[in-house]
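Per-entry structural report
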Amino acid sequence: MRHQVVIIGAGPSGLLLGALLHQAGIDTLILERQSRDYVLGRIRAGVLEQGTVGLLRQVGCAERLDREGLVHEGFALNFNGQHLRIDIKALTGGRTVTVYGQTEVTRDLMAHRAASGAPTIYEARDVALHDFDGPNPRVTWVQDGQPREAHCDIIAGCDGYHGVSRASVPAGAIETFERVYPFGWLGVLADVPPCAHELIYAGHERGFALCSMRSNTRSRYYVQCRSDDEVARWSDDMFWDELRQRLDPAAAEQVVTGPSIEKSIAPLRSFVAEPLRFGRLFLAGDAAHIVPPTGAKGLNLAAGDVHYLAEALIAFYQDASEAALDTYSARALDRIWKAERFSWSLTTLLHRFESSTPFERRMQDAEFALLQSSETAQRALAEGYVGLPY
Ligand code: APR
Ligand code: PHB
């Protein structure tokens with residue numbers, strides 16, 4: 001079996017890369033460890049930058065997104081009971097974000113790939129990468145109990161933080177940077193109307209809270225919790241009480257409660273691997289970096305990587321030259337580090353750190369006060385929120 005590019009992972013990164021390459025006439029095989037349903041069962045963030053929407057449109061996979069996505073022109077910050085709206089549209093010369101679940105992006109990309117006829121193998125076990133230090137890499141895996149092998153020109157490691165691709169790189173060839181935050185987010189999905197038309201990010205003595213949505217009838221809420229917390233410890237009532245305590249009273253009053261249809265805890269981490277190219281292996285998306293979810297950069301950052309990687313691979317095949325491949329890592333990392341800074345900064349402003357000193361708390365207060373009083377500070381936040389151009 002031979003393919004031009006073997007993509008490891010059928011998350012948003014792998015599927016979007018597959019779509020961009022297919023459109024350019026490049027033949028790809030996607031290998032995914034899990035089943036389709038398992039991949040679609042993961043609930044993740046739901047805010048798309050214009051650049052991400054643009055890529056989905058470019059590959060012809062935005063019909064439902066354009067129909068059902070909610071365009072947002074701003075979001076709110078609640079800080080110890082004070083309210084501040086960030087008018088992202090006015091502050092960024094007309095840019096907006098679109099609220100549309102990542103699970104739905106994945107579903108649309110899966111259907112799009114299936115319709116294109118390009119191959120995806122789900123439940124590919126024991127995926128292993130070989131010979132990517134030379135021009136003829138190979139990937140092996142086990143399918144229905146049988147050993148399988150594919151030769152290729154390029155391997156794209158789009159297999160997330162726990163994937164095999166990054167782990168296959170010799171330790172001396174890769175450097176990693178990491179911050180693990182000492183708390184998690186407890187998320188609840190419920191079929192209740194959202195408490196506000198726009199997202200609310202709340203910083204409170206009791207901890208961070210976020211009011212988000214999937215549609216006008218489905219809400220997604222989060223509260224900061226302990227790292228070692230357990231979902232089973234949180235009844236729905238406890239969750240709604242905690243959420244309301246952390247919001248300003250006007251917002252709290254608008255919260256409509258109902259039974260949760262999903263409840264989970266996610267850890268918060270900042271992580272970057274450098275570089276992103278190892279011979280003929282390239283890393284993209286969560287395989288290369290993790291951001292804390294504050295600001296919803298995870299999927300958008302993955303889309304940026306994939307955009308740069310697709311450009312490089314298309315140039316590689318068109319020009320029969322590795323020159324474009326050489327630029328991928330630096331281009332992607334430049335954007336990645338800026339998004340890492342943004343997510344870290346918004347996380348640091350809005351969360352309650354057990355270890356923080358009185359000085360550090362005053363710094364949080366001063367940063368919010370600066371946002372309240374300075375349009376320049378608001379603009380910097382808004383520009384980070386809508387995402388850097390590619
Ligand atoms: N072999 C094959 N597939 C694998 C392997 C493996 N050894 N390990 C992991 N995978 C698959 C996972 O099952 C998953 O479906 O790779 C996929 C990676 O998908 P994601 O984790 O969603 O990562 P990515 O596509 O880069 O998407 C980035 O998703 O995780 C969120 O916050 C993140 O929003 C961001 C976006
Ligand atoms: C979500 O809707 O799940 C969401 C929105 C914004 C974030 C994080 C998560 O910053």
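Look above for the structure.
It should be emphasised that the depicted structure is a prediction, and the values quoted were computed from it without experimental measurement.

Focus: the site of ligand 2
- In the vicinity of ligand 2 there are 16 residues, among which Tyr201, Ser212, Arg214, Tyr222 and Pro293 approach most closely.
- Here an oxygen atom of ligand 2 and a side-chain polar atom of Arg214 are 2.8 Å apart.
- Separating an oxygen atom of ligand 2 from a backbone N or O atom of Pro293 is a distance of 2.9 Å.
- Taken by itself ligand 2 offers 280 Å² of open surface, and the protein chains cover 99% of this.
- Looking at the shell around ligand 2, the elements with two or more residues in it are strand S15 (209-213) and strand S16 (219-225).

Some words on unusual backbone geometry
- The amide bond that connects Glu274 to the next residue, Pro275, takes the cis arrangement and shows omega of -10°.
- Residues other than glycine seldom take positive phi values, yet Asn80 does so here, at roughly 45°.
- Summarising the element assignment, Asn80 is placed in the loop between strand S5 (75-79) and strand S6 (82-86).
- Asn80 gets classed as partly exposed once you look at its relative accessible area, which sits at 35%.

A word on the nonpolar core
- Leu16, Leu17, Leu31, Trp141 and Tyr328 are the most contacted members of the largest nonpolar core, which has 76 residues in total.
- Other than its neighbours up to four places away in sequence, Leu17 contacts Ile7, Ala156, Cys158, Val306, Leu309 and Ala310.
- With 34 residues, the next largest nonpolar core counts Leu91, Tyr181, Leu268 and Phe368 among its residues.

Points about the sheet that holds strand S3 (residues 47-49)
- Strand order in this open sheet of three strands is S3-S7-S4, and the pairing throughout is antiparallel. Each of the sheet's edge strands pairs with one partner strand only, and the pair in question is S3 and strand S4 (70-72). Ignoring which end each strand starts from, the neighbouring axes of this sheet average 35° apart.

Looking at the packing of helix H10 (residues 298-319) against helix H11 (residues 323-350)
- Two numbers describe how H10 lies on H11: the axes approach to 9 Å, and their chain directions differ by 165°. Considered as vectors, H10 and H11 are oriented roughly antiparallel to each other. Taken as a pair, H10 and H11 cross one another with a handedness that is right-handed. Where H10 approaches H11, its residues Asn300, Leu301, Gly304, Asp305, Tyr308, Leu309, Glu311, Ala312, Leu313, Ala315 and Phe316 are matched on the opposing element by Ala324, Leu325, Tyr328, Arg331, Ala332, Arg335, Ile336 and Ala339.
- When its residues are assigned to classes, the contact of H10 with H11 shows 13 nonpolar, two polar and four charged.

Here's the deal with helix H1 (residues 12-23)
- Between its terminal C-alpha atoms H1 stretches 16 Å, which fits the 16 Å expected from twelve residues at 1.5 Å a residue.
- In terms of burial, H1 is largely enclosed, as ten of its twelve residues are buried.
- Among the residues of H1, those classed as buried are Pro12, Ser13, Gly14, Leu15, Leu16, Leu17, Gly18, Ala19, Leu20 and Leu21.
- Where H1 is buried, its residues touch strand S1 (5-8), strand S2 (28-31), helix H3 (50-58), helix H6 (102-116), strand S12 (154-157) and H10.
- Positive phi shows up at Gly25, right after H1, with a value of about 80°.

Observations concerning the sheet that holds strand S8 (residues 120-121)
- Across the sheet, six strands lie side by side as S8-S2-S1-S12-S19-S18; this open sheet has mixed pairing. Two strands close off the open sheet at either side, each with one partner strand: S8 and strand S18 (277-278).
- For S12 and strand S19 (residues 281-283), the ladder comprises three bridges, and the chain directions are parallel. Paired with Gly157 across the bridge in S19 is Leu283.

Here's the deal with the state of the cysteines
- One pass over the full model with this rule turns up zero disulfides.
- Left unpaired, Cys152 is separated from the closest cysteine sulfur, that of Cys158, by 13 Å.
- With a relative accessible area of 0%, Cys152 lands in the buried category.
- Note on Cys195: no disulfide assigned, nearest cysteine sulfur contributed by Cys211 at a separation of 3.7 Å.

Analysis parameters
- Residues numbered from 1 in each chain as written.
- Chains lettered and ligands numbered in written order.
- Predicted model: local features only at pLDDT ≥ 70, side-chain atom pairs only at ≥ 80, totals over all residues.
- Heavy atoms only, no water.
- Near = heavy atom within 4 Å.
- Polar contact = N/O pair within 3.5 Å; in protein donor to acceptor, adjacent residues only side chain to side chain.
- Areas by Shrake-Rupley, 256 points an atom, 1.4 Å probe, with all protein chains shown as cover.
- Helix = DSSP H or I, 4+ residues; strand = E, 2+ residues; numbered from the N terminus.
- Buried < 20%, exposed > 50% of the residue type's maximum accessible area, 1.4 Å probe, protein only.
- Core = buried A, V, L, I, M, F, W, Y, C linked by side-chain atoms within 4.5 Å.
- Contact = heavy atoms within 4.5 Å.
- Pairing = 2+ DSSP bridges.
- Axes fitted to C-alpha atoms, helices over the stretch in contact; angles between N-to-C directions.
- Parallel < 35°, antiparallel > 145°, perpendicular 65-115°, else oblique.
- Left-handed = near helix turned anticlockwise from the far one by under 90°.
- Nonpolar A, V, L, I, M, F, W, Y, C, P; charged D, E, K, R; others polar.
- Expected span 1.5 Å × (residues − 1).
- Disulfide = S-S within 2.5 Å.

Honestly, that's just the spatial picture; any functional story needs more than this.
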